[in-house]
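Chains, contacts and geometry: an overview
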Amino acid sequence: MKYHVLTGRGLTADLVRRWAEIQAANANLASPYFCPEFTEAVAKVRDDVFVGVLEDAGRITGFFPFHRRRGGIGQPIGLGLSDYHGVVAARDAEWAVADLLKGCGLIRYEFDHLLVSQRVFAPYCQTVEDSPILDLAGGYQRFEVTRDKAGRKQLREIDRKRERLEAEAGPLTFISHSSSEDVLRTLMEWKSAQCRETGTIDYFGLPWCRQLIQSIHASRSACFGGILACLYAGDRLAAAHFAMRSGGVWHSWFPVYNHELQAYSPGLILLVEMIRAAEVADVAYIDFGKGISTYKRRFMTGAIPVARGRAELPSLLNGVRRLRDRVEEWSRKSVLRPILRQPGRLIKNMERKKRYG
(Lines give C-alpha, C1' and ligand atoms only; values in the text may rest on other atoms or scores of the structure.)
Protein backbone atom coordinates (compact mmCIF):
# COMPACT_ATOMS: atom_id res chain seq x y z
CA MET A 1 0.00 0.00 0.00
CA LYS A 2 1.29 3.46 -0.92
CA TYR A 3 0.25 6.69 0.76
CA HIS A 4 0.44 10.26 -0.42
CA VAL A 5 -1.05 13.44 0.97
CA LEU A 6 -3.00 16.24 -0.71
CA THR A 7 -4.27 19.51 0.66
CA GLY A 8 -8.02 19.56 1.21
CA ARG A 9 -8.34 21.98 -1.69
CA GLY A 10 -6.31 19.73 -3.98
CA LEU A 11 -8.94 17.06 -4.64
CA THR A 12 -9.56 16.67 -8.36
CA ALA A 13 -12.92 15.78 -9.88
CA ASP A 14 -11.65 12.23 -10.53
CA LEU A 15 -10.61 11.80 -6.89
CA VAL A 16 -13.95 13.12 -5.64
CA ARG A 17 -15.72 10.68 -7.96
CA ARG A 18 -13.61 7.75 -6.70
CA TRP A 19 -14.20 8.80 -3.08
CA ALA A 20 -17.96 8.85 -3.69
CA GLU A 21 -17.80 5.37 -5.30
CA ILE A 22 -16.03 3.92 -2.26
CA GLN A 23 -18.48 5.56 0.12
CA ALA A 24 -21.54 4.36 -1.80
CA ALA A 25 -20.29 0.77 -1.75
CA ASN A 26 -20.15 0.60 2.06
CA ALA A 27 -23.30 1.19 4.14
CA ASN A 28 -21.13 1.86 7.21
CA LEU A 29 -19.95 5.05 5.48
CA ALA A 30 -23.41 6.41 4.70
CA SER A 31 -23.12 9.43 7.02
CA PRO A 32 -22.71 12.84 5.34
CA TYR A 33 -19.52 13.27 7.36
CA PHE A 34 -17.90 10.70 5.07
CA CYS A 35 -18.88 12.52 1.88
CA PRO A 36 -16.05 14.19 -0.05
CA GLU A 37 -18.22 17.31 -0.13
CA PHE A 38 -17.97 17.63 3.67
CA THR A 39 -14.18 17.60 3.55
CA GLU A 40 -14.22 20.07 0.66
CA ALA A 41 -16.54 22.39 2.62
CA VAL A 42 -14.22 22.34 5.65
CA ALA A 43 -11.19 22.93 3.41
CA LYS A 44 -12.82 26.08 2.02
CA VAL A 45 -12.81 27.69 5.48
CA ARG A 46 -9.61 26.28 6.97
CA ASP A 47 -6.02 25.97 5.74
CA ASP A 48 -5.03 22.94 7.85
CA VAL A 49 -7.07 20.31 5.97
CA PHE A 50 -5.25 17.40 4.35
CA VAL A 51 -6.28 14.13 2.75
CA GLY A 52 -4.23 10.94 2.84
CA VAL A 53 -4.77 8.91 -0.33
CA LEU A 54 -4.37 5.11 -0.16
CA GLU A 55 -3.18 3.49 -3.37
CA ASP A 56 -2.59 -0.20 -4.07
CA ALA A 57 -1.02 -1.36 -7.36
CA GLY A 58 -2.03 1.88 -9.06
CA ARG A 59 -5.64 1.68 -7.80
CA ILE A 60 -6.92 4.23 -5.29
CA THR A 61 -8.50 2.30 -2.44
CA GLY A 62 -9.12 4.90 0.25
CA PHE A 63 -9.11 8.44 1.61
CA PHE A 64 -8.21 9.73 5.07
CA PRO A 65 -9.20 13.38 5.72
CA PHE A 66 -7.67 15.12 8.74
CA HIS A 67 -6.51 18.39 10.25
CA ARG A 68 -2.76 18.60 10.83
CA ARG A 69 -1.56 20.25 14.04
CA ARG A 70 1.96 21.28 14.95
CA GLY A 71 4.21 18.38 15.78
CA GLY A 72 2.43 15.95 13.45
CA ILE A 73 -0.84 15.67 15.41
CA GLY A 74 -3.83 14.63 13.32
CA GLN A 75 -7.43 15.43 14.24
CA PRO A 76 -10.75 14.48 12.61
CA ILE A 77 -12.02 16.59 9.74
CA GLY A 78 -14.35 19.24 11.14
CA LEU A 79 -12.66 19.09 14.56
CA GLY A 80 -15.26 19.35 17.34
CA LEU A 81 -18.10 19.59 14.81
CA SER A 82 -17.42 16.08 13.55
CA ASP A 83 -19.91 13.44 14.72
CA TYR A 84 -18.33 10.65 12.65
CA HIS A 85 -14.85 10.02 11.35
CA GLY A 86 -12.47 7.38 10.12
CA VAL A 87 -10.96 6.17 6.85
CA VAL A 88 -13.10 5.99 3.72
CA ALA A 89 -11.62 2.79 2.30
CA ALA A 90 -12.74 0.07 -0.07
CA ARG A 91 -13.84 -3.13 1.65
CA ASP A 92 -10.96 -5.10 0.12
CA ALA A 93 -8.31 -2.51 1.02
CA GLU A 94 -5.57 -3.86 3.30
CA TRP A 95 -3.91 -1.19 5.37
CA ALA A 96 -2.45 -0.67 8.85
CA VAL A 97 -2.90 2.29 11.16
CA ALA A 98 0.82 2.71 11.82
CA ASP A 99 1.58 2.75 8.09
CA LEU A 100 -1.26 5.22 7.53
CA LEU A 101 0.13 7.61 10.13
CA LYS A 102 3.67 7.35 8.73
CA GLY A 103 2.41 7.83 5.20
CA CYS A 104 0.52 10.98 6.24
CA GLY A 105 3.41 12.42 8.26
CA LEU A 106 1.61 12.06 11.59
CA ILE A 107 2.80 10.80 14.96
CA ARG A 108 -0.67 10.75 16.52
CA TYR A 109 -4.33 10.71 15.46
CA GLU A 110 -6.86 11.75 18.10
CA PHE A 111 -10.49 10.73 17.66
CA ASP A 112 -13.75 10.79 19.62
CA HIS A 113 -16.43 9.68 17.12
CA LEU A 114 -14.61 6.97 15.17
CA LEU A 115 -16.67 4.13 13.71
CA VAL A 116 -16.20 1.03 15.84
CA SER A 117 -16.84 -0.99 12.68
CA GLN A 118 -13.36 0.09 11.52
CA ARG A 119 -11.78 -2.76 13.42
CA VAL A 120 -8.25 -1.85 12.37
CA PHE A 121 -8.44 0.95 14.98
CA ALA A 122 -9.63 -1.40 17.77
CA PRO A 123 -6.29 -1.46 19.67
CA TYR A 124 -6.39 2.32 19.93
CA CYS A 125 -9.97 2.75 21.18
CA GLN A 126 -10.38 3.72 24.84
CA THR A 127 -14.14 4.17 25.28
CA VAL A 128 -17.21 3.39 23.17
CA GLU A 129 -20.57 5.21 23.10
CA ASP A 130 -23.71 4.92 21.00
CA SER A 131 -24.89 7.33 18.35
CA PRO A 132 -28.69 6.75 18.39
CA ILE A 133 -30.57 6.47 15.10
CA LEU A 134 -34.22 6.37 14.06
CA ASP A 135 -34.76 3.71 11.39
CA LEU A 136 -37.53 4.71 8.98
CA ALA A 137 -37.64 1.47 7.00
CA GLY A 138 -41.27 0.89 8.02
CA GLY A 139 -42.33 4.54 7.80
CA TYR A 140 -43.69 6.82 10.50
CA GLN A 141 -46.63 4.57 11.29
CA ARG A 142 -44.39 1.63 12.15
CA PHE A 143 -42.14 3.91 14.20
CA GLU A 144 -45.16 5.09 16.18
CA VAL A 145 -46.57 1.65 17.00
CA THR A 146 -43.18 0.22 17.99
CA ARG A 147 -42.54 2.82 20.70
CA ASP A 148 -42.54 1.62 24.29
CA LYS A 149 -45.07 2.94 26.81
CA ALA A 150 -42.99 6.03 27.65
CA GLY A 151 -42.37 6.73 23.96
CA ARG A 152 -46.05 6.51 23.04
CA LYS A 153 -46.93 8.74 25.99
CA GLN A 154 -44.42 11.34 24.78
CA LEU A 155 -45.90 11.31 21.25
CA ARG A 156 -49.38 11.87 22.68
CA GLU A 157 -48.06 14.72 24.81
CA ILE A 158 -46.43 16.28 21.75
CA ASP A 159 -49.78 16.13 19.93
CA ARG A 160 -51.52 17.86 22.85
CA LYS A 161 -48.88 20.59 22.98
CA ARG A 162 -49.14 21.04 19.24
CA GLU A 163 -52.89 21.71 19.60
CA ARG A 164 -52.29 24.16 22.46
CA LEU A 165 -49.56 26.00 20.55
CA GLU A 166 -51.78 26.36 17.50
CA ALA A 167 -54.73 27.54 19.57
CA GLU A 168 -52.73 30.07 21.60
CA ALA A 169 -50.03 31.29 19.18
CA GLY A 170 -51.53 30.89 15.73
CA PRO A 171 -51.65 28.28 12.94
CA LEU A 172 -48.57 26.11 12.61
CA THR A 173 -46.55 26.02 9.42
CA PHE A 174 -43.88 23.40 8.79
CA ILE A 175 -41.16 24.04 6.19
CA SER A 176 -39.03 21.01 5.37
CA HIS A 177 -36.17 23.17 4.08
CA SER A 178 -35.74 26.92 4.20
CA SER A 179 -33.13 28.61 2.02
CA SER A 180 -33.46 31.79 4.10
CA GLU A 181 -30.15 33.13 5.37
CA ASP A 182 -32.08 35.11 7.98
CA VAL A 183 -33.54 31.94 9.47
CA LEU A 184 -30.11 30.32 9.52
CA ARG A 185 -28.69 33.41 11.20
CA THR A 186 -31.42 33.25 13.85
CA LEU A 187 -30.69 29.57 14.47
CA MET A 188 -26.99 30.33 14.99
CA GLU A 189 -27.76 33.23 17.33
CA TRP A 190 -30.10 31.08 19.44
CA LYS A 191 -27.62 28.22 19.50
CA SER A 192 -24.78 30.57 20.42
CA ALA A 193 -26.79 31.89 23.36
CA GLN A 194 -27.54 28.33 24.46
CA CYS A 195 -23.84 27.44 24.42
CA ARG A 196 -22.97 30.46 26.54
CA GLU A 197 -25.75 29.71 29.03
CA THR A 198 -24.69 26.08 29.47
CA GLY A 199 -20.97 26.84 29.60
CA THR A 200 -20.08 24.80 26.52
CA ILE A 201 -17.83 25.98 23.71
CA ASP A 202 -19.61 28.59 21.60
CA TYR A 203 -18.59 27.26 18.20
CA PHE A 204 -21.01 29.67 16.56
CA GLY A 205 -18.74 32.42 17.83
CA LEU A 206 -15.93 31.04 15.64
CA PRO A 207 -15.92 32.51 12.11
CA TRP A 208 -14.85 29.27 10.42
CA CYS A 209 -17.70 27.32 12.03
CA ARG A 210 -20.28 29.87 10.91
CA GLN A 211 -18.84 29.92 7.40
CA LEU A 212 -18.89 26.12 7.24
CA ILE A 213 -22.54 25.90 8.26
CA GLN A 214 -23.48 28.64 5.79
CA SER A 215 -21.63 26.79 3.02
CA ILE A 216 -23.34 23.47 3.75
CA HIS A 217 -26.72 25.21 4.01
CA ALA A 218 -26.19 26.56 0.49
CA SER A 219 -25.16 23.15 -0.87
CA ARG A 220 -28.00 21.35 -2.66
CA SER A 221 -26.29 18.65 -4.72
CA ALA A 222 -28.02 15.32 -5.37
CA CYS A 223 -25.94 13.46 -2.77
CA PHE A 224 -24.99 16.03 -0.12
CA GLY A 225 -26.32 19.20 1.45
CA GLY A 226 -27.86 20.97 4.39
CA ILE A 227 -31.47 20.83 5.56
CA LEU A 228 -32.92 23.75 7.51
CA ALA A 229 -36.34 22.67 8.78
CA CYS A 230 -38.57 25.28 10.41
CA LEU A 231 -41.75 25.46 12.45
CA TYR A 232 -43.75 28.69 12.60
CA ALA A 233 -46.56 29.51 15.02
CA GLY A 234 -48.42 32.27 13.27
CA ASP A 235 -45.67 34.64 12.11
CA ARG A 236 -43.23 33.59 14.84
CA LEU A 237 -40.37 31.17 14.32
CA ALA A 238 -41.06 28.51 16.96
CA ALA A 239 -38.20 26.11 16.21
CA ALA A 240 -35.52 25.39 13.64
CA HIS A 241 -33.38 22.32 13.01
CA PHE A 242 -30.27 22.23 10.85
CA ALA A 243 -29.26 18.80 9.58
CA MET A 244 -26.96 17.37 6.95
CA ARG A 245 -28.04 14.79 4.40
CA SER A 246 -26.31 12.26 2.18
CA GLY A 247 -28.39 9.87 0.12
CA GLY A 248 -30.81 8.16 2.48
CA VAL A 249 -29.34 9.54 5.71
CA TRP A 250 -30.25 12.68 7.63
CA HIS A 251 -27.89 13.69 10.41
CA SER A 252 -29.42 15.88 13.10
CA TRP A 253 -26.88 18.61 13.82
CA PHE A 254 -28.25 21.78 15.42
CA PRO A 255 -31.81 21.73 16.82
CA VAL A 256 -32.99 24.91 18.52
CA TYR A 257 -36.28 26.44 19.65
CA ASN A 258 -37.81 29.77 20.65
CA HIS A 259 -37.52 29.93 24.45
CA GLU A 260 -40.61 32.14 24.66
CA LEU A 261 -42.57 29.07 23.50
CA GLN A 262 -40.68 26.53 25.59
CA ALA A 263 -43.81 25.29 27.39
CA TYR A 264 -45.14 23.89 24.10
CA SER A 265 -41.98 21.86 23.26
CA PRO A 266 -41.78 23.33 19.74
CA GLY A 267 -38.49 21.53 19.08
CA LEU A 268 -40.15 18.13 19.54
CA ILE A 269 -43.15 19.16 17.44
CA LEU A 270 -40.72 20.10 14.67
CA LEU A 271 -38.86 16.81 15.05
CA VAL A 272 -42.07 14.81 14.55
CA GLU A 273 -42.79 16.83 11.40
CA MET A 274 -39.25 16.13 10.16
CA ILE A 275 -39.72 12.40 10.72
CA ARG A 276 -42.91 12.44 8.64
CA ALA A 277 -41.16 14.47 5.92
CA ALA A 278 -38.20 12.06 5.94
CA GLU A 279 -40.50 9.16 5.15
CA VAL A 280 -41.79 11.00 2.08
CA ALA A 281 -38.20 11.80 1.04
CA ASP A 282 -37.21 8.09 1.17
CA VAL A 283 -34.80 8.63 4.06
CA ALA A 284 -33.53 5.34 5.49
CA TYR A 285 -32.68 6.69 8.94
CA ILE A 286 -32.14 9.84 10.96
CA ASP A 287 -28.97 9.98 13.06
CA PHE A 288 -29.21 11.96 16.30
CA GLY A 289 -25.48 12.03 17.09
CA LYS A 290 -23.58 10.62 20.06
CA GLY A 291 -25.12 10.81 23.52
CA ILE A 292 -28.33 9.32 24.93
CA SER A 293 -30.59 12.12 26.16
CA THR A 294 -34.21 11.52 27.16
CA TYR A 295 -35.73 12.56 23.85
CA LYS A 296 -33.20 10.48 21.91
CA ARG A 297 -33.98 7.43 24.03
CA ARG A 298 -37.69 7.85 23.29
CA PHE A 299 -37.21 8.32 19.55
CA MET A 300 -34.29 5.99 18.76
CA THR A 301 -34.76 2.57 17.19
CA GLY A 302 -31.10 1.56 17.21
CA ALA A 303 -27.57 2.94 17.48
CA ILE A 304 -24.19 3.08 15.76
CA PRO A 305 -21.25 2.63 18.16
CA VAL A 306 -18.43 5.19 17.99
CA ALA A 307 -15.14 5.24 19.87
CA ARG A 308 -12.82 7.72 21.54
CA GLY A 309 -9.08 7.19 21.66
CA ARG A 310 -5.82 7.93 19.89
CA ALA A 311 -3.44 6.09 17.61
CA GLU A 312 0.23 6.84 18.21
CA LEU A 313 3.68 6.17 16.86
CA PRO A 314 6.70 6.04 19.20
CA SER A 315 7.96 9.60 19.75
CA LEU A 316 9.17 11.94 22.50
CA LEU A 317 6.01 14.05 22.24
CA ASN A 318 3.77 11.03 22.67
CA GLY A 319 5.88 9.86 25.60
CA VAL A 320 5.34 13.21 27.33
CA ARG A 321 1.60 12.93 26.66
CA ARG A 322 1.44 9.46 28.23
CA LEU A 323 3.34 10.75 31.28
CA ARG A 324 0.84 13.59 31.63
CA ASP A 325 -2.03 11.09 31.45
CA ARG A 326 -0.50 9.06 34.27
CA VAL A 327 -0.10 12.19 36.38
CA GLU A 328 -3.76 13.10 35.76
CA GLU A 329 -4.85 9.60 36.77
CA TRP A 330 -2.77 9.84 39.95
CA SER A 331 -4.22 13.27 40.77
CA ARG A 332 -7.78 11.93 40.50
CA LYS A 333 -7.01 9.34 43.17
CA SER A 334 -4.80 11.54 45.33
CA VAL A 335 -5.77 13.17 48.64
CA LEU A 336 -4.53 16.39 46.98
CA ARG A 337 -7.36 16.23 44.42
CA PRO A 338 -9.19 19.32 45.82
CA ILE A 339 -6.00 21.37 45.34
CA LEU A 340 -5.21 19.96 41.89
CA ARG A 341 -8.77 20.19 40.56
CA GLN A 342 -8.60 23.83 39.42
CA PRO A 343 -5.43 23.57 37.27
CA GLY A 344 -6.85 20.32 35.89
CA ARG A 345 -10.01 22.13 34.82
CA LEU A 346 -7.96 24.85 33.14
CA ILE A 347 -6.12 22.21 31.11
CA LYS A 348 -9.39 20.51 30.14
CA ASN A 349 -10.92 23.83 29.04
CA MET A 350 -7.86 24.58 26.91
CA GLU A 351 -8.18 21.17 25.25
CA ARG A 352 -11.91 21.65 24.62
CA LYS A 353 -11.18 24.97 22.89
CA LYS A 354 -8.45 23.31 20.82
CA ARG A 355 -11.06 20.85 19.47
CA TYR A 356 -12.76 23.78 17.72
CA GLY A 357 -9.76 26.02 17.08
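Residues numbered from 1 in each chain as written. Predicted model: local features only at pLDDT ≥ 70, side-chain atom pairs only at ≥ 80, totals over all residues. Heavy atoms only, no water.

Section: the overall build of the protein chain
Scanning the protein chain from terminus to terminus reveals eleven helices and 13 strands. Burial status across the protein chain gives 50% buried among its 357 residues. Surface exposure of the protein chain reaches about 17,300 Å², of which carbon and sulfur atoms provide 52%. (Helix = DSSP H or I, 4+ residues; strand = E, 2+ residues; numbered from the N terminus. Buried < 20%, exposed > 50% of the residue type's maximum accessible area, 1.4 Å probe, protein only. Areas by Shrake-Rupley, 256 points an atom, 1.4 Å probe, with all protein chains shown as cover.)

So, the nonpolar core
With 52 residues, the main nonpolar core has Phe 38, Leu 212, Ile 216, Phe 242, Trp 253 and Phe 254 as its most contacted residues. In this view, Phe 38 contacts Pro 32, Tyr 33, Ile 77, Gly 78, Ile 216, Phe 224, Met 244 and Trp 253; residues no more than four positions away in its chain are not counted. Grouped together as the second largest cluster of nonpolar side chains are 30 residues, Leu 165, Ile 227, Ile 269 and Ala 278 included. (Core = buried A, V, L, I, M, F, W, Y, C linked by side-chain atoms within 4.5 Å. Contact = heavy atoms within 4.5 Å.)

Notes on the side chain of His 251
With respect to the helices and strands, His 251 occurs in strand β11 (residues 249–257). In terms of polar contacts, His 251 uses its side chain to reach the side chain of Asp 83, at 2.8 Å. When near neighbours in sequence (up to four residues on either side) are disregarded, His 251 contacts Ser 31, Pro 32, Tyr 33, Asp 83, Tyr 84, Ala 243, Met 244, Asp 287 and Gly 289. (Polar contact = N/O pair within 3.5 Å; in protein donor to acceptor, adjacent residues only side chain to side chain.)

Notes on the pairing of strand β4 (residues 73–76)
The pairing of strand β3 (residues 59–69) with β4 spans four bridges and is classified as antiparallel. Note on β4: the bridge partner recorded for His 67 is Gln 75. Between β3 and β4, which pair antiparallel in sequence order, lie three residues; one of them, Gly 71, sits at a positive phi of approximately 85°. (Pairing = 2+ DSSP bridges.)

Things to note about unusual backbone geometry
One non-glycine residue, Ser 265, lies in positive phi territory at about 50°. Among the structural elements, Ser 265 can be located in the loop between β11 and α8 (266–280). Classification of Ser 265 by relative accessible area gives buried; the value is 17%. Look at Asp 282: it is not a glycine, yet its phi comes out positive at around 60°.

Looking at the packing of helix α1 (residues 13–24) against helix α2 (residues 36–45)
For the pair α1 and α2, interaxial distance at closest approach is 9 Å and the crossing angle is 135°. With respect to α2, the element α1 is oriented oblique. Taken together, the residues of α2 that come into contact with α1 (itself represented by Val 16, Trp 19, Ala 20 and Gln 23) are Pro 36, Thr 39 and Glu 40. When grouped by side-chain class, the residues that make up the contact of α1 with α2 number four nonpolar, two polar and one charged. (Axes fitted to C-alpha atoms, helices over the stretch in contact; angles between N-to-C directions. Parallel < 35°, antiparallel > 145°, perpendicular 65-115°, else oblique. Nonpolar A, V, L, I, M, F, W, Y, C, P; charged D, E, K, R; others polar.)

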